[in-house]
Amino acid sequence: MRIAVVSHVRHPIAQPFMGGMEAHSWALVQGLMARGHDVTLFAAGDSDPAFRIHPILPEHYDRRYPWSEYVETRVLHDYLDAGFADAARALLEGGFDVVHNNSLHRYPPRLARVHRVPTVTSLHIPPFDAIHRAVRESAAPWSLFTVTSAKQLESWWPEVPPAAAHVAHNGIDVAQWPFVAAGDGSAVWAGRIARTKGPHLAVQAALRLGLPLTLYGVIEDVEYFDAEIRPHLGDLVRHGGHLGPRELAAELGRASVLLFTPLWDEPFGLAAVEAMACGLPVAALEMGAVREIAGEAGRYAAPDDPAGFDAAIREALTIPRRVPRQRVEALFTRDRMIDRYEGLYAKAQAGLAAPLGPVTFPEIELPALRSTPVFQK
């Protein structure tokens, strides 16, 4: 199949990944190519040159318009709209069999609905207004949606979800996250260092328990890091930097427990799955889909219960390391994820035959691109 994968453009789709969305797009393209599909990645132009890139923007927008300064500004919105309008035209003209939309922009779902483009849109975040409206207005037999957990499905559709909505767990290449039979007694935390990810709570727990802790990840919020993390760095707590997957896997495998501390409605938790593959049990704050993903490989506490989190850490350290590894192998492999997506691609293509009437959207929601629905069968 000729497949277009459309990614988020705040960061490049390249290692070391800035977060789970970038890792997912990279793994998706790599996995589809490994199965013989002809894949074009619509992404920031400074993404991994190993892939065929159609640049939505010349480079990732956080370099020119840092999110912390330009979020919700007209200048960033106009810049992104122009890039995604050009990308939408290229999607219509590219002769693709299916589009897999991993972006957070409002145009691709509406493009699918109006122009009958077989599309699977993967939703990796809790709903926010602009994309939530686009999703609700764009569902069709050929315009399908995936979420990463049953909990996330409830967030996007508190009522009965439409037939176009499906759960598709994220998956990893377990060979890149090798199992290690024993840890050194220390804890790790991994992810974007920002308040919504709660690493300060991992630090506080480590200090209470006298537990060596290393945090890995990009410092997204420098002010937060300087106020909540840096003052505690020393012999017990350290920041190990922002590592690529190979280096991160080696460091995770040395540890004995992952501290997972989301303070938002966590849709999935890719960092937890990567650590579990290496054999790490999870001590987690129970937010969003955390328990759904970690299952018997985790122990849990409420976000506002420090004593409960301390107890969860102690209990997690007793979980045999084969338990988390086996859970990943059963539920969260890249092959399992690609199998699921390939089935949905076929479903979206078959949906083109459905007798669903046309719709129109205001120019601000979808620019006028082409009147002929090139994917009509």
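Residues numbered from 1 in each chain as written. Predicted model: local features only at pLDDT ≥ 70, side-chain atom pairs only at ≥ 80, totals over all residues. Heavy atoms only, no water.

Participant: What am I meant to see in the confidence of the model for the protein here?
Facilitator: In low-pLDDT segments, the atomic positions of the prediction should not be examined closely. Residue-level pLDDT values for the protein average 95, and 98% of them are 70 or greater. Between residues 371-377, whose pLDDT stays under 50, and residues either more than four places distant or in other chains, the model counts 15 contacts. (pLDDT = per-residue confidence, 0-100. Contact = heavy atoms within 4.5 Å.)

Participant: In this structure, what is going on with the packing of aromatic side chains? I would like to understand it.
Facilitator: For any pair of aromatic rings, geometry is given as the distance between the ring centres together with the angle between the planes. Applying the stated rule across the entire model yields seven aromatic pairs. By way of ring pairs, the aromatic residues F17, W26 and F51 are connected into one cluster. The ring of F361 has R110 lying over it, and the distance from NZ or CZ to the ring centre is 5.2 Å. Above the face of the F179 ring, R322 is positioned so that its terminal group lies 4.0 Å from the ring centre. (Phe/Tyr/Trp six-rings, centres within 6.5 Å; stacked < 30°, edge-to-face > 60°. Lys NZ or Arg CZ within 6 Å of the ring centre and 35° of its normal.)

Participant: Sorry if this is basic, but what is going on with the pairing of strand 11 (residues 257-260) here?
Facilitator: Along a regular strand, successive side chains alternate from one face of the sheet to the other. Side chains V257 and L259 project from strand 11 onto one buried face, and the interleaved L258 and F260 project onto a second face that is buried too. Sheet topology places strand 8 (residues 187-190) next to strand 11; two bridges connect them, and they run parallel. Note on strand 11: the bridge partner recorded for V188 is L258. What joins strand 11 to strand 12 (residues 282-285) is helix 11 (residues 270-277), and the crossover it makes is right-handed. (Buried < 20%, exposed > 50% of the residue type's maximum accessible area, 1.4 Å probe, protein only. Helix = DSSP H or I, 4+ residues; strand = E, 2+ residues; numbered from the N terminus. Pairing = 2+ DSSP bridges. Right-handed = clockwise from strand over helix to strand, strands pointing away.)

Participant: Can you walk me through the sheet that holds strand 5 (residues 119-123) in this structure?
Facilitator: Note: strands within a sheet are paired through backbone hydrogen bonds, in either parallel or antiparallel orientation. Spatially, the seven strands line up as an open sheet ordered 3-2-1-4-5-6-7, and their pairing is parallel. In this open sheet, the two strands that pair with only one neighbour each are strand 3 (53-57) and strand 7 (165-167). The average angle at which neighbouring strand axes cross in this sheet is 20°, direction not considered. By the bridge criterion, four bridges tie strand 2 (residues 38-44) to strand 3 in an arrangement that is parallel. From the neighbouring strand, A43 faces strand 3, where its bridge partner is P55. Contacts from helix 4 (residues 74-93) reach strand 1 (2-6), strand 2, strand 3 and strand 4 (98-101), with the element oriented near 150° to strand 3. Packed onto the sheet, helix 5 (residues 107-115) meets strand 4, strand 5 and strand 6 (143-147) and runs at close to 145° relative to strand 6. (Axes fitted to C-alpha atoms, helices over the stretch in contact; angles between N-to-C directions.)

Participant: Which parts of the structure should I look at to understand the pattern of salt bridges?
Facilitator: A side chain with one charge may pair with a side chain of the opposite charge, provided their charged atoms come close. Taken as a whole, this structure holds 27 salt bridges when the rule is applied. For E220, the salt bridge goes to R10, with nearest N and O atoms at 3.5 Å. With a gap of 210 residues between them, E220 in the loop between strand 9 (213-216) and helix 9 (222-229) and R10 in the loop between strand 1 and helix 1 (20-34) connect regions that are remote in the sequence. According to the relative accessible area criterion, R10 is buried, its value standing at 12%. E266 is the salt-bridge partner of K197, the closest N and O atoms lying 3.8 Å from each other. Placement of K197 in the loop between strand 8 and helix 8 (199-209) and of E266 in the loop between strand 11 and helix 11 is noted, with a sequence separation of 69 residues between them. What you see here is one network of salt bridges that share partners, running through D81, R106, R110, D129, R133, E137 and E365. (Salt bridge = Lys/Arg side-chain N within 4 Å of Asp/Glu carboxyl O.)

Participant: What should I look at first to understand the pairing of strand 2 in this one?
Facilitator: Here strand 2 lies mainly inside the structure; six of its seven residues are buried. As defined by bridge partners, strand 1 adjoins strand 2 across five bridges and the pair is classed as parallel. Across the sheet, the residue bridging to I3 is V39, located in strand 2. Once you follow strand 1 into helix 1 and on to strand 2, the crossover reads as right-handed.

Participant: Teacher, can you tell me more about the packing of helix 8 against helix 13 (residues 306-316) here?
Facilitator: Each pair of packed helices gets described by two things: the angle between the helix axes and the distance between those axes. For the pair helix 8 and helix 13, interaxial distance at closest approach is 10 Å and the crossing angle is 75°. Classified by the interaxial angle, the pair formed by helix 8 and helix 13 is roughly perpendicular. Contacts from L201, A202, A205, R208 and L209 in helix 8 reach P306, F309, D310, I313 and R314 in helix 13. Classifying every residue of the contact of helix 8 with helix 13 gives seven nonpolar, no polar and three charged. (Parallel < 35°, antiparallel > 145°, perpendicular 65-115°, else oblique. Nonpolar A, V, L, I, M, F, W, Y, C, P; charged D, E, K, R; others polar.)

Participant: Quick question: what am I supposed to make of the side chain of T146 here?
Facilitator: Here T146 lies in strand 6. Assessed through its relative accessible area of 2%, T146 is described here as buried. Those residues in contact with T146 that lie beyond four places of it in its chain are V120, T121, S122, L123, H166, A168, Y341 and L344.

Participant: Quick question: what am I supposed to make of the sheet that holds strand 9 here?
Facilitator: Taken together, six strands build an open sheet; the order of strands is 10-9-8-11-12-13 and the sheet is parallel. The open sheet has two edge strands, strand 10 (237-241) and strand 13 (298-301), and neither has a second partner. Averaged over all adjacent pairs, the angle separating strand axes in this sheet is 25°, with direction ignored. As judged from the four bridges shared by strand 8 and strand 9, these two strands associate in the parallel manner. Opposite A190, over in strand 9, you have Y216 as the bridge partner.

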